[in-house]
Amino acid sequence: MAAISAGLRNYAIVTAAYWGFTLTDGALRMLVLFTFFKLGYSPFTLALLFLLYEAAGIVANFVGGWLATRYGITRMLTVGLSTQIAGFLLLSAMSPGWEAAFLVAWVVAAQGICGVAKDLTKTASKSAIKVTEKEARNAGEGADGRLFRWVAWFTGSKNAMKGAGFFLGGVLLEAFGFRLALWLMAAALGLVLIGVVLSLPPMMGKARASGTARELFGKSRGVNLLAAARIGLFGARDVWFVVGLPVFLYAAGWTFAMVGAFLAVWTVGYGLVQAAAPALVKRSPDGLSAEVPAARLWSFGLMLVPVIIAASLVVQPPRPDLVLVAGLCVFGFAFAVNSSVHSYLILAYAGSEKAAEDVGFYYAANAAGRFAGTLLSGLLFQTGGILGCLAGSAAMLAACWLVTLALPVTREVPPS
């Protein structure tokens with residue numbers, strides 16, 4: 001019972017720490033987006049501000065998984081939190097009066113640091129779930145779908161916190177301004193960091209890390225295919241969510257506060273659906289035979305949503321903004337279930353001894369999808385408007401669905 005309680009305790013601490021991180025990370029996106037939109041930057045330039053943030057995550061996830069395996073999950077979690085604080089402080093030092101090219105370069109660099117922080121923290125946190133669930137299982141508690149429930153709750157609750165962060169970012173920007181808002185968020189993360197250091201076992205999740213690049217890249221077929229599907233899934237979201245949607249709504253007469261509030265409500269709702277996903281997806285005793293077909297079905301359904309939205313906008317409705325908002329709500333529901341099923345499957349496919357490496361590899365692909373989606377969000381919106389963004393989303397989701405058709409429905413033993 002003591003081992004089970006310790007696993008639950010560590011799971012709760014990691015979840016709470018990532019809540020704090022995600023709250024400030026969501027606020028950061030709104031602070032940067034609205035501050036630079038008000039300064040007159042184009043949609044494509046706004047996308048560029050987030051590119052290094054996403055690109056840095058590709059390396060951070062991949063290397064972070066290896067580092068977490070070698071040095072322990074707790075250490076990597078503290079490194080991620082510390083790096084985010086450093087990124088906030090660097091970003092707070094910028095001045096709107098600087099020459100434009102230097103200002104953009106400064107913000108991109110600071111965003112890159114925050115991107116590293118986000119994905120180091122995410123990889124460490126998701127890996128901790130696998131470790132703590134295994135500890136509870138080894139202590140004698142039956143599995144009974146616990147891994148899916150823990151992953152769904154963690155993923156859903158952190159996305160609800162991210163939605164709250166979107167709203168918080170708008171409030172902080174109006175109440176305190178850009179610089180003071182960043183200082184307040186850095187101070188809050190400092191308290192979270194202290195709590196992690198004092199509460200978690202320092203060597204949690206430590207194991208023998210891969211010794212060669214061949215070994216590090218040599219993941220199981222399930223991990224490789226799921227990573228490829230993840231690129232399409234998250235690229236399809238960000239291709240219209242990062243720049244196209246906020247700018248479209250603002251151009252339609254929405255205020256910054258209205259846009260931030262809507263994105264907050266949407267993300268909170270998205271997180272709640274993720275947390276409820278285990279009740280929406282049929283379970284199987286082996287953990288794959290029903291869950292993999294569910295991933296295929298939900299991917300196909302999601303692919304149809306941007307197509308239907310685009311067709312509705314082509315007929316030029318009186319309130320295209322409301323059509324887009326309604327479509328986004330449907331998209332968010334299906335996307336949330338997809339994301340939750342994927343988040344479960346990666347831990348189901350992952351090896352228990354090197355879970356952090358498998359999770360890091362998978363979320364490196366996730367970051368690659370966000371990078372592609374972010375770049376295309378600005379580019380497609382600037383060249384083709386919101387319809388161009390929706391077309392890009394549909395194409396990425398088609399690729400995601402095709403990859404899920406090849407996912408294995410039996411467990412493999414990855415290289416150890």
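Everything in this summary refers to the structure shown in the same document.

**What about the overall build of the chain?**
The helix and strand inventory of the chain stands at twelve helices and zero strands. Going from N to C terminus, the chain has its helices and strands arranged as α-α-α-α-α-α-α-α-α-α-α-α. Out of the 416 residues in the chain, the part that is buried amounts to 59%. Counting every atom, the chain has about 15,200 Å² of accessible surface; 72% of that belongs to carbon and sulfur.

**Considerations on the packing of aromatic side chains**
A full pass over the atoms with the stated rule returns 13 aromatic pairs. Relative to Phe-262, the ring of Trp-254 has its centre 5.9 Å away and its plane inclined at 80°; by these criteria the two rings are edge-to-face. For the pair Trp-254 and Phe-262, a shared accessibility class is recorded, and that class is buried. Counting every residue linked through ring pairs, the aromatic cluster contains Phe-234, Trp-240, Phe-241, Trp-266, Tyr-270, Phe-331 and Phe-335.

**A look at unusual backbone geometry**
The phi torsion at Gln-316 lies on the positive side, around 55°, for a residue other than glycine. When you line up the elements, Gln-316 lands in the loop between helix 10 (291-314) and helix 11 (320-349). Residue classification places Gln-316 among the exposed residues on the basis of a relative accessible area of 68%.

**Points about the environment of Phe-36**
Counting through the fold element by element, Phe-36 comes out in helix 1 (residues 2-38). The sequence separation of Phe-36 and Leu-46 amounts to ten residues, and the corresponding C-alpha distance is 7.2 Å. In contact with Phe-36, other than residues within four places in its own chain, are Tyr-41, Leu-46, Leu-49, Met-94, Leu-103 and Val-107.

**Brief notes about the environment of Thr-83**
Tracing the chain through its elements places Thr-83 in helix 3 (residues 73-92). Taking the C-alpha atoms as reference points, Thr-83 and Val-116, separated by 33 residues in sequence, lie 7.5 Å from one another. Residues in contact with Thr-83, not counting those within four places in the same chain, are Ile-113, Val-116 and Ala-117.

**A word on the packing of helix 8 (residues 244-251) against helix 11**
Look at helix 8 against helix 11: their axes get within 10 Å of each other, and the N-to-C directions meet at 150°. Overall, the two elements helix 8 and helix 11 adopt an arrangement that is roughly antiparallel. Where helix 8 crosses over helix 11, the two elements pack in a sense that is left-handed. Each of Leu-245, Phe-248 and Leu-249 in helix 8 lies in contact with helix 11, whose residues at this interface are Pro-320, Asp-321, Leu-324, Val-325 and Leu-328. Its residues placed into classes, the contact of helix 8 with helix 11 shows seven nonpolar, no polar and one charged.

**Regarding the nonpolar core**
Proteins that are soluble and globular tend to have nonpolar side chains buried together. With 119 residues, the main nonpolar core has Val-32, Phe-36, Leu-49, Trp-240, Phe-262, Phe-331 and Leu-345 as its most contacted residues. The biggest single contributor to this core is helix 11, with 15 residues. Not counting the four nearest positions on each side in its chain, Leu-49 is found in contact with Val-32, Phe-36, Val-104, Val-107, Val-108 and Gln-111.

**A few points about the pattern of salt bridges**
Evaluation of the coordinates by the stated rule reveals two salt bridges. One salt bridge in this structure joins Asp-238 and Arg-237, with 2.7 Å as the shortest N-O distance. In this pair, the class of Asp-238 matches that of Arg-237, namely buried. Where Asp-321 meets Arg-319, a salt bridge forms, and the shortest distance between an N and an O atom there is 2.8 Å. In this structure Asp-321 comes out as buried when scored by relative accessible area, which is 4%.

**Topic: the environment of Leu-173**
If you trace the backbone, Leu-173 turns up in helix 5 (residues 146-199). You can call Leu-173 buried: its relative accessible area is 14%. Non-local contacts of Leu-173, meaning those with residues more than four positions away in its chain, are made with Leu-31, Phe-34, Thr-35, Lys-38 and Phe-178.

**Focus: a nonpolar patch on the surface**
Nonpolar side chains collect at one region of the surface, where Leu-89, Phe-176, Leu-180, Trp-183 and Leu-184 lie side by side and expose about 470 Å² of accessible area between them. The greatest single-element share of the nonpolar patch, amounting to four residues, is contributed by helix 5. The residue Leu-89 is located in helix 3 in this model. The exposure class of Leu-89 is partly exposed, given its relative accessible area of 43%.

**Observations regarding the packing of helix 7 (residues 221-241) against helix 11**
The contact between helix 7 and helix 11 brings their axes to 11 Å, and the two run at 160°. Viewed along their axes, helix 7 and helix 11 adopt a mutual orientation that is roughly antiparallel. In the packing of helix 7 onto helix 11, the handedness of the crossing is left-handed. Residue-level contacts link Gly-222, Val-223, Leu-226, Ala-229, Arg-230, Leu-233, Phe-234, Ala-236, Arg-237, Trp-240 and Phe-241 of helix 7 to Leu-324, Leu-328, Phe-331, Phe-335, Asn-338, Ser-339, His-342, Ser-343, Leu-345, Ile-346 and Tyr-349 of helix 11.

**Overview of the side chain of Gln-111**
Structurally, Gln-111 is set in helix 4 (residues 100-138). Ignoring any residue separated from it by four or fewer positions in sequence, one finds Gln-111 in contact with Leu-28, Val-32, Leu-49, Phe-50, Tyr-53 and Leu-91.

Reading guide: rules and limits
- Residues numbered from 1 in each chain as written.
- Predicted model: local features only at pLDDT ≥ 70, side-chain atom pairs only at ≥ 80, totals over all residues.
- Heavy atoms only, no water.
- Helix = DSSP H or I, 4+ residues; strand = E, 2+ residues; numbered from the N terminus.
- Buried < 20%, exposed > 50% of the residue type's maximum accessible area, 1.4 Å probe, protein only.
- Areas by Shrake-Rupley, 256 points an atom, 1.4 Å probe, with all protein chains shown as cover.
- Phe/Tyr/Trp six-rings, centres within 6.5 Å; stacked < 30°, edge-to-face > 60°.
- Contact = heavy atoms within 4.5 Å.
- Axes fitted to C-alpha atoms, helices over the stretch in contact; angles between N-to-C directions.
- Parallel < 35°, antiparallel > 145°, perpendicular 65-115°, else oblique.
- Left-handed = near helix turned anticlockwise from the far one by under 90°.
- Nonpolar A, V, L, I, M, F, W, Y, C, P; charged D, E, K, R; others polar.
- Core = buried A, V, L, I, M, F, W, Y, C linked by side-chain atoms within 4.5 Å.
- Salt bridge = Lys/Arg side-chain N within 4 Å of Asp/Glu carboxyl O.
- Patch = residues over 30% accessible without salt bridge, like charges linked within 9 Å, V, L, I, M, F, W, Y side chains within 5 Å.

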